[in-house]
Each structure stands twice: as structure tokens, then as C-alpha cells.
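Results of the structural survey
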Amino acid sequence: MMRIGAQVTLTMRRSGVRAAALLFLLLAGAEAHARGAKVAAEPIPDAVWAYMQGRSWRAELRCPGRDELILLRVPYRDFDGNAQTGSLIVARRVAKAVAAAFQDIYDSGKFRIYRMSLIDEFGGDDARSMAANNTSAFNCRTTDRGAMSRHAYGMAVDINPVQNPYREGNLTEPEAGRAYDEPSKRRRDIVGIIVDGDVVTRAFARQGWRWGGHWKRSIDYQHFSNDGH
């Protein structure tokens, strides 16, 4: 098992009530220890991999293999300031960078995340996940233009989609993000909002990741990726 930070052990079994209960805890997140909580990484457990099939992992697309992906257990502070632990799946080769960015964000104590669950909880539906203000990463899907998304390779993260919506022309996604889709509406004192030069953009920039808030034709305030796309 690969570790980043403090040791965390998660045992998943394939069948029975115990497996279902453990999977629920993994997807929903659990309260974290406020002091010294660290991002932990591990191979994807059997029960989680089975749950991903037909949701975030789709056989009809050229999705990364199981051994190319890593499960991260990420401490974060929710909108009430309480310490929680969320789950993200990312590409193995960027796991250390993503873990380091989220560790910096958590250690700063300055940023709030509404929720962080695997997108499989929403059936792999990006629109449902965004509407729920869910922070997520891997989702083997195409873009609106038919190309493979950076999320499909586990090399992109979306954070607080409601406060940090995607905007192109008259389109804003999710719909609730219309309250935050123009520069004049994006004040630093809004909980969960990402602004240029804040702890979130600086944490990802230190890892060489780029922010969709700098895009020109469209703008994606929630989005960070390893190549800027």
C-alpha cells in the first residue's frame, strides 16, 4: 500500500452488510482528526472498483486500468469549519501532486469544501455531481465536443462547482452557479469560492497544475488539471 502522510488502513470486503457499510463510509466521507490529518493513498479496493463499473469507469471508453489509478483519502474542512475526510480517485502518476495540493489547502485552514465524494455516488453523472456541489476527480467520460476529458484520465479535479461554475457564453453549469459566474460576483469573502492568488490556486500552482479560471474562450472556475485543459 502506498502512503502519503499518516497511516490510514481501509479494509473492504466483497459481500455482505459489512462491505456495504464500509463502502457507504468511503463514499460519504467521515469526520477527520482536526490536528495532523494527512492525505493517504492506496490501491483501489475490490468493492470500490466493482462499484465504479458503469459509473465512473466505462468499458466502452478507453479508461485507465485499475493499476493506473489511486484512491486518495483527503482531509478537508467543510462549510461549517468541521474537519472531514473525503475520497478522490486520480491517476497514479499525479497522486503525489494532488495529495500535496490538498494537504497545503487543509493545513492552511483558510478554505472550505462543501463535500468530497466519489462521483460514482451520482452514477458517474457530472451534472448531478456539480449540482450537489461535490468536489471530484476521476470520471471516465467525454467532453461536450466528444473528446476525452482530463477527468477521464484522472488528471483533473473540480472543487466546489456551485461557487466555482463553468461558464461559456450564456451557459452556466451548474445552474446554482449563476450567482458566482461573473468576476464582479466573485468576492473573496464568499465561503468556498476560488479566486486568483488564493490558497487553492497557489497550492495547485506549486505542483505545476493550472486553473480553469484563466481560460479565455470559456472559463471553468472549479477546474484544475495537470496540463491546463
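Residues numbered from 1 in each chain as written. Predicted model: local features only at pLDDT ≥ 70, side-chain atom pairs only at ≥ 80, totals over all residues. Heavy atoms only, no water.

1. Focus: the sheet that holds strand β9 (residues 219-220)
Sheet strands line up and pair through hydrogen bonds in the backbone, either parallel or antiparallel. Spatially, the 3 strands line up as an open sheet ordered β7-β6-β9, and their pairing is antiparallel. Pairing within the sheet leaves two strands with one partner each, and these edge strands are β7 (171-173) and β9. (Pairing = 2+ DSSP bridges. Helix = DSSP H or I, 4+ residues; strand = E, 2+ residues; numbered from the N terminus.)

2. Here we look at the nonpolar core
Judged by nonpolar contacts, the single largest core of 34 residues is most densely connected at L72, F102, I159, V200 and F204. Counting residues per element, the ones that place at least two in this core are β3 (69-77), β4 (83-91), α3 (95-108) and α5 (199-205). For this core, the element with the most residues is α3, which contributes 7 residues. With residues near it in sequence (within four places) discarded, I159 still touches F102, F111, I113, T135, N164, I194, V200, F204, Q222 and F224. By size, the runner-up hydrophobic cluster in this structure holds 13 residues, among which are W57, L69, L118 and F138. (Core = buried A, V, L, I, M, F, W, Y, C linked by side-chain atoms within 4.5 Å. Buried < 20%, exposed > 50% of the residue type's maximum accessible area, 1.4 Å probe, protein only. Contact = heavy atoms within 4.5 Å.)

3. Quick notes on the state of the cysteines
Using the criterion set out here, one finds 1 disulfide in the structure. Sulfur-sulfur distance for the disulfide between C63 and C140 comes to 2.2 Å. Disulfide C63 to C140: torsion about the S-S bond roughly -105 degrees, handedness left-handed. Of this pair, C63 sits in the loop between α2 (46-52) and β3 while C140 sits in the loop between α4 (126-131) and β5 (156-158), and the two are 77 residues apart along the sequence. Residue C140 is classed as buried on the basis of its relative accessible area of 0%. (Disulfide = S-S within 2.5 Å.)

4. With respect to the side chain of T135
Positionally, T135 belongs in the loop between α4 and β5. You can call T135 buried: its relative accessible area is 0%. Of note is the side chain of T135, whose polar atom sits 3.1 Å from the backbone nitrogen of N160. (Polar contact = N/O pair within 3.5 Å; in protein donor to acceptor, adjacent residues only side chain to side chain.)

5. Thoughts on the environment of N134
By the element assignment, N134 lies in the loop between α4 and β5. Linking N134 and V162, residues 28 residues apart in sequence, is a C-alpha distance of 8.6 Å.

6. Some thoughts on the sheet that holds β5
Overall, antiparallel pairing links the 3 strands, which are arranged β5-β10-β8 in an open sheet. Where the open sheet ends on each side, the last strands, each with one partner, are β5 and β8 (210-211). Here β8 pairs with strand β10 (residues 223-225) via 2 bridges, running antiparallel. The residue of β10 that forms the bridge with W211 is F224.

7. As for α3
In this model, α3 (14 residues) spans 20 Å end to end at C-alpha, consistent with the 20 Å of a helix rising 1.5 Å per residue. Here α3 has its buried residues at A95, A97, V98, A99, A101, F102, Q103, I105 and Y106. Looking at the buried side of α3, the elements it contacts are β3, β4, β5 and α5. The positive-phi residue at the C-terminal boundary of α3 is G109, with phi of around 70 degrees. (Expected span 1.5 Å × (residues − 1).)

8. So, the pattern of salt bridges
Should their charged atoms come close, side chains of opposite charge can pair. Per the counting criterion, the structure on display carries 9 salt bridges. The residue R141 makes a salt bridge to D126 at a minimum N-O spacing of 3.7 Å. With R141 in the loop between α4 and β5 and D126 in helix α4, this residue pair connects regions lying 15 residues apart in the sequence. In this structure R141 comes out as buried when scored by relative accessible area, which is 18%. Among the ionic pairs, R187 bridges to D189, the shortest N-O distance being 3.0 Å. Using a relative accessible area of 48% as the deciding quantity, one classes R187 as partly exposed. (Salt bridge = Lys/Arg side-chain N within 4 Å of Asp/Glu carboxyl O.)

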